[in-house]
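Spelled out, the chains give:
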Amino acid sequence: MPSPDAMGTAPWRARHGLLAVLLAAAAAPWLLWMLLFSTETYDERVHVNVGVVVWRQRNLSWDIVHPPGRAILAIPALLKRMPTPADPIDPLPGYGGEWTLRSARCVTLALFLLWSLLFARIVGHWFTPATGLLAQALILFSPTLTPHAVLATNDVLVTMVCFLLSAAALEWSRRESGRLALAVGLLGGIALLTKYTGLLWLGGMTVGMALWLGRRLAPPRARGAASRGAVAAQVLLMLGLAIVLPALVYDFDGLGQPLASFHVRHGLLQLVGKLLGWLPAPLPWPYWHGMDELLMSIQYRHTYFHGQWRHAAGFRPYFAMLLLAKPPLALHGMLLLALVAVVRQRAGPSLRAACFLVLPPLALLLYGTFGSGIQIGIRHMLPLFPLLFAAAAWGVLAFSRRAWRAVGLTLVLWFILLDLSLCPHQLGYFNPIVGGPAKAWRWFIDSNQDWGQGGRAAKRFIDEFGQEIDTDPVAGKTTGWVLVATNQLVGITPEQGEKFRWLRENFEPVDFIMPCYHLFHIPEDAWRNQTGDHRPRD
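Reading guide: rules and limits
- Every chain is numbered on its own, with residues counted from 1 as its sequence reads.
- Predicted model: local features are reported for residues with pLDDT of at least 70 only, side-chain atom pairs are reported and counted for 80 or more only, and whole-chain, interface and lining totals are derived from all residues.
- Remark: hydrogens and water are excluded; side-chain values derive from all non-hydrogen atoms of the structure.
- When the centres of two rings from Phe, Tyr and Trp lie within 6.5 Å, Trp using its six-membered ring, the rings pair. Their planes under 30 degrees apart give stacked, over 60 give edge-to-face, and anything left gives tilted.
- Per the convention used, a helix needs a DSSP run of H or I reaching at least four residues, while a strand needs a run of E reaching at least two, with both numbered from the N terminus.
- A ring has a charge above it when a Lys NZ or an Arg CZ is no more than 6 Å from the ring centre and no more than 35 degrees off the ring normal.
- A pair is scored as a salt bridge if a Lys or Arg side-chain nitrogen falls within 4 Å of a carboxyl oxygen belonging to Asp or Glu.
- We call a residue buried when its accessible area falls under 20% of the maximum for its residue type, exposed when it is over 50%, and partly exposed in between, using a 1.4 Å probe and counting protein chains only.
- His is not counted, nor are the chain ends, whereas Lys and Arg count as positive and Asp and Glu as negative.
- Note on definitions: a residue-residue contact is assigned when non-hydrogen atoms from the two residues lie within 4.5 Å.
- Strands are treated as partners if at least two bridges between them are detected by DSSP.
- Expected helix span is taken as 1.5 Å per residue step, with the number of steps being one fewer than the number of residues.

**Re the packing of aromatic side chains**
Under the definition given, this model contains 27 aromatic pairs. Measuring from centroid to centroid gives 5.2 Å for Phe262 and Trp285, while their planes differ by 50 degrees, and the two rings are tilted. Placement of the pair is Phe262 in the loop between α10 (228–249) and α11 (267–275) and Trp285 in helix α12 (residues 285–299), with a sequence separation of 23 residues. Taken together, the ring pairs connect Phe305, Phe315, Tyr318, Phe319, Phe430, Trp443 and Phe444 into an aromatic cluster. The ring of Trp99 has Lys80 lying over it, and the distance from NZ or CZ to the ring centre is 5.1 Å. Lys326 extends its terminal NZ or CZ atom over the ring of Phe430, reaching a point 4.3 Å from the ring centre.

What follows is the structure, given as structure tokens:
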């Protein structure tokens, strides 16, 4: 595999840019359909309401568990003069909130489509223009990524920023210019302000930068390379901008004070304060406070995996299994082709590429594996996918023999057709590794499949079914047709899960309605001779 730092031999020309624009235009109607059809998810109104307060009142502590970068989603609401909400969970105004919600989603979608053009050009710069365009197609028609690109949340926002940050750092390591150092620093600050996931990504990249600089500054110096002093100045510029940008937003509150002076409650941050209490805080106090509040709020969260619950602890295989089960099998096939090509060519990523493209996602994945609290959805691992799609696109085109290329292009066609066939319900998709969408509830819940987005689909199904359907069945009483969502069926805590344990353990769904609804039929005689625990008659 040619390392991305080697750069492709074919230049990116105007016709390639035009093709990228046409690809984005072809995907836009499908994405817009998804945007309009999905009902409000659990987090969207909070992001919009908080954004309005941030812009109008500059109140960054109203809901501090997310950085204020999500305020960009509230710009259409401000233009429409949306009333200032009194609470983060206030209903959104405007035709039942539809206009406000959809306009906020359009911000995410517009940024995503523009970013896809940059993504195509960057990957084309790494490999070939054809690889860049193919990677863009995978991005635009991904049932794993695109459902979040039409929601008013910060998950795709941080995904886009993290990719651009790694790409800019990789390019800086090749050319070491002040302009690229400026871009890296600004993107680092934006990543910190978008979501705390950005801090993990930036931490991994900082380790990679240190490893690269250790190799880069060791003698002998390459001909034409910048002097050590120039490199040091550019690194300081990056760090300075990444620190100053959040500090500006938070009015430099607490910046530079000893870490020991910050009162935090979470054990991890307390440990940092004890070990490095003398260190001047590189980030403002409200940012640390937000991290502390977030970590405290997720510290004792329940995690569900493969029919089991854990309290205040995660499952080590959770994200590994989720990364296997959530994307289409076609993507796994393309990645397998890339692995075969790497073995055949006996070439892997260089140290430079590993430092800037491998360590950041690895840091995120390690935290998700060994930490707790974020094992609630694939959305926390979305920053990994742009790099996976770039590798998959390269794998498809890495072979010169027609038979291998035919296999790869068949996988691409399967991938895109699957996405189109699922529209607008891509968020509920799981591949056959866990039994598909219908049986995924035995493994995963929450935003992996049921994030509140399917209300309109459920209403349409009930209206067209032609028979009475109960959506809140009662053990020992309900008979006939029953329709429940995944989060109802399993619960999002063990206590909530007890409500429908009788339904899960005694009846099998007769049908599955995308994106997340399970149809049961309870016979008329099911409750005869029932026992005290409401078990149906054998």
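**Topic: the pattern of salt bridges**
For the structure on display, the rule yields 17 salt bridges. Among the ionic pairs, Arg45 bridges to Glu40, the shortest N-O distance being 2.6 Å. Residue Glu40 is classed as partly exposed on the basis of its relative accessible area of 25%. Here Arg442 makes a salt bridge to Glu508, at a shortest N to O gap of 3.4 Å. Linking Arg442 in the loop between α18 (436–439) and α19 (455–465) with Glu508 in the loop between α22 (501–506) and β5 (511–513), this pair joins segments that are 66 residues apart in sequence. Residue classification places Arg442 among the partly exposed positions, given a relative accessible area of 32%. Judged by relative accessible area, Glu508 falls into the exposed class, the value being 54%. Here the salt bridges share partners, and the residues they tie into one network are Asp43, Asp155, Lys195 and Arg379.

**Things to note about the side chain of Asp446**
Locating Asp446 in the fold gives a position in the loop between α18 and α19. In this structure, Asp446 is buried with no salt-bridge partner, the nearest side chain bearing the opposite charge being Arg379 at 5.8 Å. Apart from residues no more than four positions distant in its own chain, Asp446 is found in contact with Ile376, Trp451, Asn487 and Ile492.

**A closer look at the pairing of strand β1 (residues 302–305)**
As defined by bridge partners, β1 adjoins strand β2 (residues 308–311) across four bridges and the pair is classed as antiparallel. Note on β2: the bridge partner recorded for Thr303 is Arg310.

**Brief notes about the sheet that holds strand β4 (residues 480–485)**
With respect to topology, four strands assemble into an open sheet ordered β3-β4-β6-β5, the strand pairing being mixed. Each edge of the open sheet carries a strand with a single partner, namely β3 (469–470) and β5. Pairing analysis gives two bridges linking β3 to β4, with the strands arranged parallel. Bridge pairing in β4 links Asp470 to Val482.

**Side note on the environment of Pro328**
Considering the arrangement of structural elements, one finds Pro328 in the loop between α13 (318–325) and α14 (329–345). Judged by relative accessible area, which is 1%, Pro328 ranks as buried. In this structure the C-alpha to C-alpha distance between Pro328 and Phe415, which are 87 residues apart in sequence, comes to 6.8 Å. Once you skip the residues sitting within four places of it in the chain, Pro328 turns out to touch Pro143, Thr144, Phe415, Leu418, Tyr429 and Asn431.

**Focus: the side chain of His380**
Position of His380 among the secondary structure elements: in the loop between α15 (351–370) and α16 (385–397). Taking the relative accessible area as the measure of exposure, His380 reaches 10% and is therefore buried. Beyond its immediate stretch of four places on either side in the chain, His380 contacts Lys195, Thr197, Phe319, Leu364 and Ile374.

**Topic: helix α9 (residues 197–216)**
An ideal rise of 1.5 Å per residue puts 28 Å on 20 residues; α9 measures up with 28 Å between its terminal C-alpha atoms. Looking at the packing, one finds that the buried side of α9 touches α7 (155–175), α8 (178–194), α10, α15 and α16.

**Here's the deal with unusual backbone geometry**
Omega for the peptide link from Cys423 to Pro424 comes to 5 degrees, which places this bond in the cis form. Positionally, Pro424 belongs in the loop between α17 (402–422) and α18. Here Met514 and Pro515 are connected by a cis peptide whose omega angle stands at 10 degrees. Summarising the element assignment, Pro515 is placed in the loop between β5 and β6 (517–522). You will see that Asp251, though not glycine, has its phi angle at about 55 degrees, which is positive. Given a relative accessible area of 53%, Asp251 falls into the exposed group. With a phi close to 60 degrees, Asp446 is a non-glycine residue in the positive phi region. Accessibility expressed as a relative area gives 17% for Asp446, which makes it buried.

These values are about where atoms sit, not about what they do.
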